[in-house]
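So you can see what is in the structure, the chains are spelled out below.
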Amino acid sequence: MLSLNKIKEIIEKNNFDFKKMFGQNFIIDYNIIQNIVKKADIKEDSLVIEIGPGAGSLTCELANIAKQVLCFEIDVKLKPILDETLKDYENIDIIFEDFLKVDLQNILKKYSYKNLYVVANLPYYITTPIIMKFIENRISLEKMVVMVQKEVGNRFKAKPGSKDYSSLSIFLDYYFDVQKIMDVSRNVFIPKPNVDSIVISFNKKTCQYKVLDEKVFFKLVKDAFKQKRKTIRNNLKQYDLNIIEKVLKKHEYDLTVRAEQLSIDIFIEISNELTKNI
Ligand code: SAM
């Protein structure tokens, strides 16, 4: 196992310039890395995806436990560093591409595994698009443990009526039980970022919601939040508003309500009624 001091030495030796535009803040605290890996509770025969291995400090620890680790790294300048820090591991693949642009479903076809995990210290500027990519591609994850900017993390657990409640809150609630694991001070990164972080875990829901047609449900939620300040009547003009109004009435709302007031259960009820009437 490489010590973090050794990893720092390799970064310096390679004259690596940290790039703010790629959200490059590397963890330099071994306890935090250990804690993240422990909380991920990676089972045997697992594939772990890491977005942004950086210099590989978390990657090594993941590779010690998982059958295979698959990393996506946008910055090719990290290649000589990763070649050195990860040279003793045969179960790590690194794809040097922008994670948001890769054909994830196709790449995953090349791997055989029982359970799929995502464990990463995410680049802060694209946290939400990364998580949305798993949701939109319907990638079935056992668990996702990610370090994110504190205020972004709080958004993931937003409840109806709060300013942070969005379509993402509903999609996350649909698939996962979201849990805060720990606060992380800005002092454990190089370079030091301007904000603190938190580690969040997303555990696959054991008790699934009963949605008749996921496509209808996902489209409905997206459309309902299209323009946040607009009412359901305005955002969902193209739908059968009589059906929607009936469901809303049952819950003491009318068509002037905004999506941000409505719980996932109401969206599911509307989408199921719409599905029955297609
Ligand atoms: N895992 C390392 C650690 O914890 O020390 C580095 C984490 S750093 C917060 C984010 C990493 O994501 C950087 O290595 C950065 O180059 C990489 N990254 C940024 N944008 C990316 C993208 N679109 N696709 C893949 N990797 C990206």
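Residues numbered from 1 in each chain as written. Predicted model: local features only at pLDDT ≥ 70, side-chain atom pairs only at ≥ 80, totals over all residues. Heavy atoms only, no water.

Participant: How should I be thinking about the overall build of the chain in this particular structure?
Facilitator: Each helix and strand in the chain was counted, giving 12 helices and 9 strands. Against the 2.2 N^0.38 benchmark of 19 Å for 278 residues, the chain shows a C-alpha radius of gyration of 21 Å, consistent with a compact globule. Dimensions of the chain along its principal axes, counting C-alpha atoms only, are 65 × 40 × 30 Å. Counting every position in the chain, which comprises 278 residues, the buried fraction comes to 51%. Across the chain, the fraction of contacts at a sequence separation of at least 24, relative to all contacts at a separation of at least 6, is 71%. Of the roughly 14,000 Å² of accessible surface on the chain, 47% is carried by carbon and sulfur atoms. Mean positive and mean negative side-chain charge positions of the chain (44 and 38 charges, respectively) differ by 4 Å. (Helix = DSSP H or I, 4+ residues; strand = E, 2+ residues; numbered from the N terminus. Rg over C-alpha atoms; globule rule 2.2 N^0.38 Å. Buried < 20%, exposed > 50% of the residue type's maximum accessible area, 1.4 Å probe, protein only. Contact = heavy atoms within 4.5 Å. Areas by Shrake-Rupley, 256 points an atom, 1.4 Å probe, with all protein chains shown as cover. Lys, Arg positive; Asp, Glu negative; His and termini not counted. Charge placed at Lys NZ, Arg CZ, Asp CG, Glu CD.)

Participant: Which parts of the structure should I look at to understand the packing of aromatic side chains?
Facilitator: Between two aromatic rings, the relevant description is the distance of the centres plus the angle of the planes. Tallied over the entire structure, the rule returns 17 aromatic pairs. Measuring from ring centre to ring centre gives 6.0 Å for Tyr175 and Phe218, while their planes differ by 40°; the resulting arrangement is tilted. In this pair, Tyr175 sits in helix α8 (residues 167-175) while Phe218 sits in helix α9 (residues 214-224), placing the two residues 43 residues apart along the sequence. Among the residues examined, Phe218 registers a relative accessible area of 9% and is labelled buried. Relative to Phe267, the ring of Phe225 has its centre 6.0 Å away and its plane inclined at 35°; by these criteria the two rings are tilted. Taken together, the residues Phe225 in the loop between α9 and α10 (232-235) and Phe267 in helix α12 (residues 264-276) connect sequence positions 42 residues apart. (Phe/Tyr/Trp six-rings, centres within 6.5 Å; stacked < 30°, edge-to-face > 60°.)

Participant: What is the right way to look at the nonpolar core in this model?
Facilitator: For soluble globular proteins, the rule of thumb is that nonpolar side chains tend to be buried together. Of all hydrophobic cores here, the largest spans 66 residues; its most connected members are Ile49, Phe134, Phe156, Phe202, Phe217, Ile232 and Phe267. Of the residues that make up this core, three or more belong to each of domain 1 (4-204) and domain 2 (214-276). Apart from the residues within four sequence positions on either side, Phe156 is in contact with Thr127, Thr128, Ile131, Val148, Leu168, Leu172, Val178, Ile200 and Phe202. With 38 residues, the next largest nonpolar core counts Cys71, Ile92, Met182 and Val199 among its residues. (Core = buried A, V, L, I, M, F, W, Y, C linked by side-chain atoms within 4.5 Å. Domains from an automatic or database assignment.)

Participant: Looking at this structure, how should I read the site of the ligand?
Facilitator: Close to the ligand lie 24 residues; Gly52, Glu73, Asp98, Asn121 and Tyr125 are nearest. Separating a nitrogen atom of the ligand from a backbone N or O atom of Pro53 is a distance of 3.4 Å. Take Phe99: an N or O atom from its main chain is 2.9 Å from a nitrogen atom of the ligand. Surface burial for the ligand is 99%, taken as the share of its 590 Å² of free accessible area covered by protein chains. (Near = heavy atom within 4 Å. Polar contact = N/O pair within 3.5 Å; in protein donor to acceptor, adjacent residues only side chain to side chain.)

Participant: Would you take a moment to explain the environment of Gly153 for this structure?
Facilitator: Relative to the helices and strands, Gly153 is located in helix α7 (residues 150-156). What makes Gly153 buried here is its relative accessible area of 2%. Sequence separation between Gly153 and Gln179 is 26 residues; the distance between their C-alpha atoms is 9.8 Å. Leave out the neighbours within four places in its chain, and Gly153 touches Val148, Ile198 and Ile200.

Participant: I would appreciate a short explanation of the domain arrangement of the chain in the present structure.
Facilitator: Note on interface size: it is often stated as the accessible area lost on association of the parts. If you check the domain split of the chain, you get domain 1 (4-204) and domain 2 (214-276). Taking only C-alpha atoms, the centre of domain 1 and the centre of domain 2 are 34 Å apart. When the two sides are added together, the surface that domain 1 and domain 2 hide from each other amounts to roughly 1,300 Å², 65% of it contributed by carbon and sulfur. Contact with domain 2 buries surface across domain 1, with Ile170, Phe171 and Tyr174 losing the most and accounting together for 40% of the total. (Buried area = accessible area lost by both parts, 1.4 Å probe.)

Participant: Please clarify how the sheet that holds strand β7 (residues 176-184) should be interpreted in this entry.
Facilitator: Either a parallel or an antiparallel arrangement is found when strands of a sheet pair, and the pairing is made through backbone hydrogen bonds. With mixed pairing, 7 strands are arranged side by side in an open sheet as β4-β3-β2-β5-β6-β9-β7. The open sheet terminates on both sides in strands that have one partner only, identified here as β4 (92-95) and β7. Strand-to-strand twist in this sheet, taken as the mean axis angle between neighbours without regard to direction, amounts to 20°. Sheet topology note: the strand β2 (residues 46-51)/strand β5 (residues 115-121) ladder contains 4 bridges and is parallel. The residue of β5 that forms the bridge with Val48 is Tyr117. Its contacts with the sheet put helix α2 (residues 30-40) on β5, β6 (143-149), β7 and β9 (197-204), and the angle it makes with β6 is roughly 145°. On top of the sheet, helix α6 (residues 127-136) reaches β2, β5, β6 and β9; it is set at about 150° to β2, its chief contact. (Pairing = 2+ DSSP bridges. Axes fitted to C-alpha atoms, helices over the stretch in contact; angles between N-to-C directions.)

Participant: What's the story with the packing of α8 against α9 in this structure? I'm lost.
Facilitator: Helix-helix packing is described using two parameters, namely the angle between the two axes and the distance between the axes. In contact at an axis separation of 9 Å, α8 and α9 are set at 155° when each is read in the N-to-C sense. The angle between α8 and α9 falls in the class roughly antiparallel. Crossing of α8 against α9: the hand is right-handed. Contacts from Ser167, Ile170, Phe171, Tyr174 and Tyr175 of α8 reach α9 at Glu214, Phe217, Phe218, Val221 and Lys222. Residue classes in the contact of α8 with α9 are distributed as 7 nonpolar, 1 polar and 2 charged. (Parallel < 35°, antiparallel > 145°, perpendicular 65-115°, else oblique. Left-handed = near helix turned anticlockwise from the far one by under 90°. Nonpolar A, V, L, I, M, F, W, Y, C, P; charged D, E, K, R; others polar.)

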